[in-house]
Structures are given as C-alpha cells and as structure tokens.
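Each chain is listed here by its residues.
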Amino acid sequence: MQVIYVKRSSALSRKLVVDEIKWALIASRINIILGLALDFYSIQRTMSSGVAISAIKARCENEVERIEKQFDDCIAFLLR
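Asks: Please clarify how the overall build of the protein should be interpreted in this entry.
Replies: Of the regular secondary structure elements, the protein holds two helices and zero strands. The burial tally for the protein puts 10% of its 80 residues in the buried class. Of all intrachain contacts in the protein linking residues separated by at least 6 positions in sequence, the fraction that spans at least 24 positions is 71%. About 6800 Å² of surface is accessible on the protein, with carbon and sulfur atoms providing 63% of the total.

Asks: What exactly am I supposed to notice about the pattern of salt bridges here?
Replies: When the charged atoms of two side chains lie near each other, side chains of opposite charge can form a pair. Per the stated rule, a full pass over the model turns up three salt bridges. Glu 63 is the partner of Arg 66 in a salt bridge, and the nearest nitrogen-oxygen pair spans 2.8 Å. A residue pair is termed a helical-turn pair when its members lie 3 or 4 positions apart in one helix, as Arg 66 and Glu 63 do in helix 2 (residues 54-79) at three residues. Residue Arg 66 is classed as partly exposed on the basis of its relative accessible area of 31%. For Glu 63, a relative accessible area of 30% gives the class partly exposed. A salt bridge links Asp 73 to Lys 69; the nearest nitrogen and oxygen atoms lie 3.0 Å apart. Placement of the pair is Asp 73 and Lys 69 together in helix 2, with a separation of four residues, close to one helical turn. A single network of salt bridges, built from pairs that share partners, joins Asp 39, Glu 63 and Arg 66.

Asks: Sorry, what's going on with the packing of aromatic side chains here?
Replies: Note on aromatic pairs: each is described by the distance of the centres and the angle between the planes. Per the stated rule, a full pass over the model turns up zero aromatic pairs. If you follow Arg 29 out to its NZ or CZ, it ends over the ring of Phe 77, 4.2 Å from the centre.

Asks: Can you help me understand helix 2 in this one?
Replies: Note on helix geometry: an α-helix contains 3.6 residues per turn, so any two residues three or four positions apart are oriented the same way. With 26 residues, helix 2 extends 37 Å between its outermost C-alpha atoms, agreeing within 8% with the 38 Å of an ideal straight helix rising 1.5 Å per residue. Residues Cys 60, Ile 67, Cys 74 and Phe 77 constitute the buried set of helix 2.

Asks: Whenever I open this one, a negative patch on the surface confuses me. Can you help?
Replies: On the surface, Glu 61, Glu 65, Glu 68 and Asp 72 cluster together into a patch of negative charge. Examined against the element boundaries, Asp 72 turns out to sit in helix 2.

Asks: Would you mind showing me how to read the environment of Cys 60 here?
Replies: Mapped onto the secondary structure, Cys 60 falls in helix 2. Through-space distance from the C-alpha of Cys 60 to that of Thr 46 is 8.1 Å; in sequence the pair is 14 residues apart. If we ignore the near neighbours within four places in the chain, the residues touching Cys 60 are Ile 43, Thr 46 and Met 47.

The rules behind these values
Residues numbered from 1 in each chain as written. Predicted model: local features only at pLDDT ≥ 70, side-chain atom pairs only at ≥ 80, totals over all residues. Heavy atoms only, no water. Helix = DSSP H or I, 4+ residues; strand = E, 2+ residues; numbered from the N terminus. Buried < 20%, exposed > 50% of the residue type's maximum accessible area, 1.4 Å probe, protein only. Contact = heavy atoms within 4.5 Å. Areas by Shrake-Rupley, 256 points an atom, 1.4 Å probe, with all protein chains shown as cover. Salt bridge = Lys/Arg side-chain N within 4 Å of Asp/Glu carboxyl O. Phe/Tyr/Trp six-rings, centres within 6.5 Å; stacked < 30°, edge-to-face > 60°. Lys NZ or Arg CZ within 6 Å of the ring centre and 35° of its normal. Expected span 1.5 Å × (residues − 1). Patch = residues over 30% accessible without salt bridge, like charges linked within 9 Å, V, L, I, M, F, W, Y side chains within 5 Å. Lys, Arg positive; Asp, Glu negative; His and termini not counted. Charge placed at Lys NZ, Arg CZ, Asp CG, Glu CD.

Right, here's the structure in full:
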C-alpha cells in the first residue's frame, strides 16, 4: 500500500508542478497582452493628436504591426 501511495503522491506532485508552469506561462502572455494594449493606446494618442509628422506616423505604423504580430502570437499560444 505504501508503494502505491508514494507513486500517486509523486504523480500528483509532478502534475501540480506542470500546472504551475502552465499558469505562469499563461499569466506571462496575459501580461504581455496588457502591455501591448498600453503601447497601442499610446500610439493611437500620438496618431490622433494631429501634430504627428510623417516620420513619426511611419514609425507608429511599424509599431502597430509589431503589436499586432505579438498579440496574434500570444492569442495563438493561449488558444492551444
């Protein structure tokens, strides 16, 4: 009986560690998404201010593309 208990305990312990790692990864991706939302908001404000010159607009557009790619990557990870 002790051998069975130890095996079950060990399996449960490994499962808890794996679950903890998964949740840490999920939390990390959600944190990245929130950071991207702040970046996007900042870019939107810059673009809508009316004083953005073409060089700044081009840089903002590149940043929007970067944000979109990172967001898509994070969502794809979370949907796995």
